Amino acid sequence: MGKTEHQHEHLPGAAEKHVLRRRHGRATEARDMVAAEVPVAFACNGEPFAVMMATPDDLEDFALGFALAEGIVASADEVVIESIETSLEGVAIALATPPERAAVLDARRRSLEGRSGCGICGMAQVEAVLRPPPPVATGTTVTTDALDRALRELQDRQPLNALTGATHAAGWADSDGRITLVREDVGRHNALDKLVGAMLRAGVDPQAGFAVVTSRASYEMVMKAAQAGITVLVAISAPTALAIALAESSTLTLVGFAREYGHVVYTHPGRLRDRAPGVAA
């Protein structure tokens, strides 16, 4: 190809770049695939609300998941995606919500400066950030076998990260640990938003399984999960103290440092049991 960079034919979230690669003292020119990152601007009812730096794929999922996980709407039927427009400057997503949601948006208006991996950058008021959702429902019971299976399957369901090495993933597993949905993004919060949107579009019951994320569990990751009705959140890295406090108050089961050889349960361990009945140790 005559261009120095282009979008990958099969993965719109990847772009090709010319690089100088050094190996064992030798330098060679090569082409490398890197994760794409563009501004994604959200407007609600014609008013700008947020700009997030994100990977430009699964945008409908991102729009729906962002609206629900951010508490802009309480259910999928309260939001309509009016348009998704892509330009050289980035992506503009227009959402329509009921008039009664306008007051919520005004109270939590973001500045138009988002940053990858940081879903609360730009919030004008601390009170708008610290908005614990109501307690989640009872949900399902998850075995350690199911958790281990989900971790194994998620490793093989990240094509963009395999290509670029630069993205996080959020996956949805059923009660047996089968990964049924995965979304990737340069930002961990964006990946979870996309997963929530994909679940909404697929009609997935958030009480019938659990979410697995390839990142730490920050306060906002727990907030987004609980806002979406997810009852069990599993992270491969550590949670923060504030995330644990929110998970405790919202009755969400929070698991961190999840590996095939073990994990740490920080809140509400009653939804986890050692292994399926009848399975030998």
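These numbers were taken from a predicted model, which means no experiment stands behind them.

## Considering the overall build of the protein
Working step 1: Helix and strand content of the protein: 8 helices and 14 strands.
Working step 2: Counting over 281 residues, the protein shows a buried share of 49%.
Working step 3: If you take every contact in the protein between residues at least 6 apart in sequence, the share linking residues at least 24 apart comes to 53%.
Working step 4: Entry remark: accessible area of the protein is about 13,000 Å², with carbon and sulfur atoms responsible for 53%.

## Concerning the pattern of salt bridges
Working step 1: On inspection of all chains with the given rule, the structure shows 16 salt bridges.
Working step 2: Here aspartate 61 ties to arginine 183 by a salt bridge, and the two come within 2.8 Å at their closest N and O atoms. With aspartate 61 in helix H1 (residues 59-69) and arginine 183 in strand E9 (residues 179-185), this pair connects stretches of sequence that are 122 residues apart. This pair shows no difference in class: aspartate 61 is buried, exactly as arginine 183 is.
Working step 3: Ionic pairing is found between aspartate 185 and lysine 194, a salt bridge with its closest N-O pair at 2.7 Å.

## Observations concerning the sheet that holds strand E4 (residues 47-54)
Working step 1: Read from one edge to the other, the open sheet built from 4 strands follows the order E4-E3-E6-E5, with strand pairing classed as mixed. What marks the edges here is a single partner per strand, and that holds for E4 and strand E5 (80-87). Shown here is a sheet whose adjacent strand axes are inclined to one another by a mean of 20°, direction ignored.
Working step 2: As paired strands, E5 and strand E6 (residues 90-96) are joined by 7 bridges and run antiparallel to one another.

## With respect to the nonpolar core
Working step 1: Leu195, Val222, Leu233 and Leu252 are the most contacted members of the largest nonpolar core, which totals 29 residues.
Working step 2: Residue assignment for this core shows that the elements contributing at least two residues are strand E8 (168-174), helix H6 (188-202), strand E10 (209-213), helix H7 (219-227), strand E11 (232-235) and helix H8 (241-249).
Working step 3: Residues contacting leucine 233, with those up to four places away along its chain left out, are Ala211, Val213, Met221, Val222, Ala225, Leu252, Thr253, Leu254 and Val255.
Working step 4: Formed by 20 residues, the second largest nonpolar core is a distinct cluster that contains Phe49, Val73, Val79 and Leu95.

## What to know about the sheet that holds E8
Working step 1: The strand order across the open sheet formed by 6 strands is E9-E8-E10-E11-E12-E13, and the pairing between neighbours is mixed. Two strands lie at the open edges of the sheet, namely E9 and strand E13 (262-267), each paired on one side alone. Across this sheet, the average inter-strand angle for adjacent strands is 20°, counted without regard to direction.
Working step 2: Taken together, the 4 bridges between strand E12 (residues 253-259) and E13 define a ladder with antiparallel strand orientation. Bridging from a neighbouring strand, glycine 256 pairs with valine 264 of E13.

## Topic: the packing of aromatic side chains
Working step 1: For the structure shown, the criterion picks out 4 aromatic pairs.
Working step 2: Ring geometry for phenylalanine 42 against phenylalanine 62: centres 5.2 Å apart, planes inclined by 80°, an arrangement best described as edge-to-face. With phenylalanine 42 in strand E3 (residues 38-44) and phenylalanine 62 in helix H1, this pair connects stretches of sequence that are 20 residues apart.
Working step 3: On the basis of relative accessible area, phenylalanine 42 is assigned to the buried category, the value being 1%.
Working step 4: According to the relative accessible area criterion, phenylalanine 62 is buried, its value standing at 0%.
Working step 5: Here phenylalanine 49 and phenylalanine 66 contribute two aromatic rings whose centre-to-centre distance is 6.3 Å and whose plane-to-plane angle is 70°, an arrangement assigned as edge-to-face. In this pair, phenylalanine 49 sits in strand E4 while phenylalanine 66 sits in helix H1, placing the two residues 17 residues apart along the sequence.
Working step 6: The exposure class of phenylalanine 49 is buried, given its relative accessible area of 0%.
Working step 7: The structure contains a cluster of three or more aromatic residues connected by ring pairs, namely Phe42, Phe49, Phe62 and Phe66.
Working step 8: Over the aromatic face of phenylalanine 62 sits the side chain of lysine 194, whose NZ or CZ is 5.8 Å from the ring centroid.

## Some thoughts on H8
Working step 1: Every buried residue belonging to H8 is among Ala243, Leu246 and Ala247, and all of these are buried. Down the axis of H8, the sector holding all buried residues measures 100°, keeping them to one side.
Working step 2: Those residues of H8 that are buried are in contact with H7, E12 and E13.
Working step 3: Downstream of H8 by one or two residues, threonine 251 has phi in the positive range, about 60°.

Rules and cut-offs
Residues numbered from 1 in each chain as written. Predicted model: local features only at pLDDT ≥ 70, side-chain atom pairs only at ≥ 80, totals over all residues. Heavy atoms only, no water. Helix = DSSP H or I, 4+ residues; strand = E, 2+ residues; numbered from the N terminus. Buried < 20%, exposed > 50% of the residue type's maximum accessible area, 1.4 Å probe, protein only. Contact = heavy atoms within 4.5 Å. Areas by Shrake-Rupley, 256 points an atom, 1.4 Å probe, with all protein chains shown as cover. Salt bridge = Lys/Arg side-chain N within 4 Å of Asp/Glu carboxyl O. Pairing = 2+ DSSP bridges. Axes fitted to C-alpha atoms, helices over the stretch in contact; angles between N-to-C directions. Core = buried A, V, L, I, M, F, W, Y, C linked by side-chain atoms within 4.5 Å. Phe/Tyr/Trp six-rings, centres within 6.5 Å; stacked < 30°, edge-to-face > 60°. Lys NZ or Arg CZ within 6 Å of the ring centre and 35° of its normal. Arc of directions from axis to C-beta.

Any link to function would need more than the numbers given here.
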